[in-house]
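Chains, contacts and geometry: an overview
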Amino acid sequence: MADRVELTGWGLYPRRPTRLRRAGNAAAIAALLDPAGMIARGNGRAYGDPAIGLSTTIDMRRLDRLIAFDDATGLLVAEAGLTLAEIIDIFLPRGWFPAVTPGTKFVTLGGAIAADVHGKNHHGEGSFRRHVAWFDLLGPDGVERRCSSDEHAELFHWTMGGMGLTGTILRAAVWLRPVETAWIRQRTIPTASLAETMDAFEANAAATYSVAWIDTLAAGRSLGRSILMLGEHAGVDELPSPLAANRFARRRGPTLDVPLTPPISLVGGPVIRAFNALYYARNRSKAGNSLVSIDSFFYPLDAILRWNRIYGRRGFVQFQCVLPLAAAQAGLTTMLSRIAASRTGSFLAVLKRMGAEEGPFSFPMEGYTLALDFPVGRRTEALTAELRAMTRDHGGRLYLAKDAQMTEAEMSVLDPRGLAFARWRREHGLAGPLRSHQSERLGL
Ligand SMILES: Cc1cc2nc3c(=O)[nH]c(=O)nc-3n(C[C@H](O)[C@H](O)[C@H](O)COP(=O)(O)OP(=O)(O)OC[C@H]3O[C@@H](n4cnc5c(N)ncnc54)[C@H](O)[C@@H]3O)c2cc1C
């Protein structure tokens, strides 16, 4: 069809044809409903193909209005295309911050709900769903439904984690959390092995935020050596006086951009080796307490716009699994040994302790989640296939917001909840009209 474009997710892989349309209100979206399969798209920060409609994709960014805010409870009502970055710019100076945030603030409210995103506080605060009071969902029948734990409760729960496959979120009410300053008290703990890293997570379960960066090239006795970072929102009395005088001032470093996509990846084994050694050494020397800005604690990658381009035209995939607590150490040891042996490494390797599972189709389960980036290529394809098999062998599952490669057969074993979701979609007349390239690939 002449009006088709090729779209990708954040990983620039895979590239899929679709009809891309913008809409600024519910009526415009209803007019675009496409029986051949449509899906909503937020800011395109999911990695693979979940935000690419099989036939039509609706760009939601024009629905970006604030509707109401209650400064007694922190309840914000806004349209689904508003980003967390926009919410933070408006509400942080008033003392409010998202209760849960992923590692980039360039996600929309709709995208955060549809993927039911988690943050560095999942062990304490759960995922995004815990902080959603209600949302209005436009069904493929053209009907708008207010969904909450009291109204259309089943639809409410499947939508959070349902990857746009239950309807289009038009607006939502979410609770923000009060904060006294724009600063985080960070404690940096270097660890020498995986066992030490996991012990440090368990010993610091009371920390509000925790996340570890793993050196994926370390092997042998150093396998799993990490830099664990803990964080607490700083109170105003914890800031030195020049900062306390202007407690919500943001210290944002220069924003860099990658203006074009090089034909080949700039991220190869030697670059990663050098980076990992440097990063570990630098942060080990920073062990202890420091005061860091909200932007550098939560969103270090956002300082480089379009950083996804450094992987070249073929793009990259992210592998993110969660392993249940009992199997986590054995599973992570197997995976990290395999990655170290491949000498492929991963620039971004993040480990996080997750809290209890909530919701019928959300990603998190109690245990450890590991996220890794790999450039697309035959070697890494074989490696990620092995990592998926290891996830299966240890009773874990994969994150759909990061998935570009899983097959329907793998999905049915890794996450049998997908079969229940697909059945529920069929029973409710959603499986025909709401389809993404990911839902086709996974048989959802
Ligand atoms: C650097 C980086 C770090 C990240 N860190 C984390 C992290 O720490 N934790 C985490 O959980 N995730 C993380 N992510 C993933 C990201 O949070 C999710 O993919 C999120 O869904 C992206 O939001 P988006 O608005 O860009 O949505 P898109 O990528 O455009 O879409 C994602 C899904 O949401 C659906 N959707 C979007 N808008 C709507 C709507 N209005 N109605 C219905 N469905 C809709 C789409 O159909 C699609 O299935 C990270 C991503 C990046 C790039």
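The rules we used
Residues numbered from 1 in each chain as written. Predicted model: local features only at pLDDT ≥ 70, side-chain atom pairs only at ≥ 80, totals over all residues. Heavy atoms only, no water. Salt bridge = Lys/Arg side-chain N within 4 Å of Asp/Glu carboxyl O. Helix = DSSP H or I, 4+ residues; strand = E, 2+ residues; numbered from the N terminus. Near = heavy atom within 4 Å. Polar contact = N/O pair within 3.5 Å; in protein donor to acceptor, adjacent residues only side chain to side chain. Areas by Shrake-Rupley, 256 points an atom, 1.4 Å probe, with all protein chains shown as cover. Buried < 20%, exposed > 50% of the residue type's maximum accessible area, 1.4 Å probe, protein only. Contact = heavy atoms within 4.5 Å. Pairing = 2+ DSSP bridges. Axes fitted to C-alpha atoms, helices over the stretch in contact; angles between N-to-C directions. Parallel < 35°, antiparallel > 145°, perpendicular 65-115°, else oblique. Left-handed = near helix turned anticlockwise from the far one by under 90°. Nonpolar A, V, L, I, M, F, W, Y, C, P; charged D, E, K, R; others polar.

A few points about the pattern of salt bridges
- Within the structure shown, the criterion is met by 28 salt bridges.
- A salt bridge links Arg225 to Asp215; the shortest N-O distance between them is 2.7 Å. Within this pair, whereas Arg225 is found in the loop between β12 (209-214) and β13 (226-233), its partner Asp215 is found in the loop between β12 and β13, the two being separated by ten residues in sequence.
- Residue Arg250 is joined to Asp295 by a salt bridge in which the shortest nitrogen-to-oxygen separation is 2.8 Å.

Describing the site of the ligand
- As a structural note, the neighbourhood of the ligand is formed by 35 residues, with Ala40, Gly42, Ala46, Thr108 and Tyr399 the closest of them.
- Ala46 has a polar backbone atom sitting 2.7 Å from an oxygen atom of the ligand.
- A total of 960 Å² of accessible area belongs to the ligand in isolation, and the protein chains cover 96% of it.
- When residues of the shell around the ligand are traced back to their parent elements, those giving at least two are β3 (38-41), α3 (109-114) and β10 (168-178).

So, unusual backbone geometry
- Here the amide bond leading from Tyr13 into Pro14 is cis, since omega sits at -10°, within 30 degrees of zero.
- With respect to the helices and strands, the residue Pro14 is situated in the loop between β1 (5-7) and β2 (16-22).
- Unlike most non-glycine residues, Asp116 shows phi in positive territory, near 45°.
- Note on placement: Asp116 falls in the loop between α3 and α4 (122-125).

Quick look at the side chain of Arg309
- Mapped onto the elements, Arg309 comes out in the loop between β16 (304-305) and β17 (316-324).
- Classification of Arg309 as buried rests on a relative accessible area of 17%.
- Here Arg309 is in contact with Leu12, Val258, Pro259, Leu260, Thr261 and Pro262, once residues within four sequence places are set aside.

Here we look at the side chain of Thr197
- Within the secondary structure, Thr197 is located in helix α6 (residues 194-203).
- Within the structure, the side chain of Thr197 is placed 3.3 Å from the side chain of Ser226, a separation counted as a polar contact.
- Every residue in contact with Thr197, bar those within four places of it in the chain, is listed here: Thr191, Ala212, Gly224, Ser226 and Leu351.

A closer look at the pairing of strand β8 (residues 132-138)
- Buried residues dominate β8, accounting for seven of its seven residues.
- Relative to β10, β8 runs antiparallel, the two sharing six bridges. Each residue of the ladder has a partner; that of Phe135, found in β10, is Ala172.
- Strand direction decides the pairing type here: β8 and strand β9 (residues 144-147), joined by four bridges, are antiparallel. By the bridge assignment for β9, Leu137 is matched with Arg145.

Some remarks on the sheet that holds strand β15 (residues 288-293)
- With antiparallel pairing, eight strands are arranged side by side in an open sheet as β15-β11-β13-β12-β18-β19-β17-β20. One side of each edge strand has no neighbouring strand; the edge strands of this open sheet are β15 and β20 (397-398).
- Relative to strand β18 (residues 349-354), β12 is paired through two bridges, and the arrangement is antiparallel. Bridge pairing in β18 links Ala212 to Leu351.

Description of the packing of helix α10 (residues 325-342) against helix α11 (residues 378-393)
- Packing of α10 against α11 brings their axes to within 10 Å, and their N-to-C directions diverge by 165°. By the angle between their directions, the pair α10 and α11 is classed as roughly antiparallel. The way α10 lies across α11 gives a crossing that is right-handed. Together, Thr334, Met335, Arg338, Ile339 and Ser342 of α10 and Arg379, Leu383, Glu386, Leu387, Met390 and Thr391 of α11 make up the contact between the two elements.
- Of the residues that constitute the contact of α10 with α11, the class distribution is five nonpolar, three polar and three charged.

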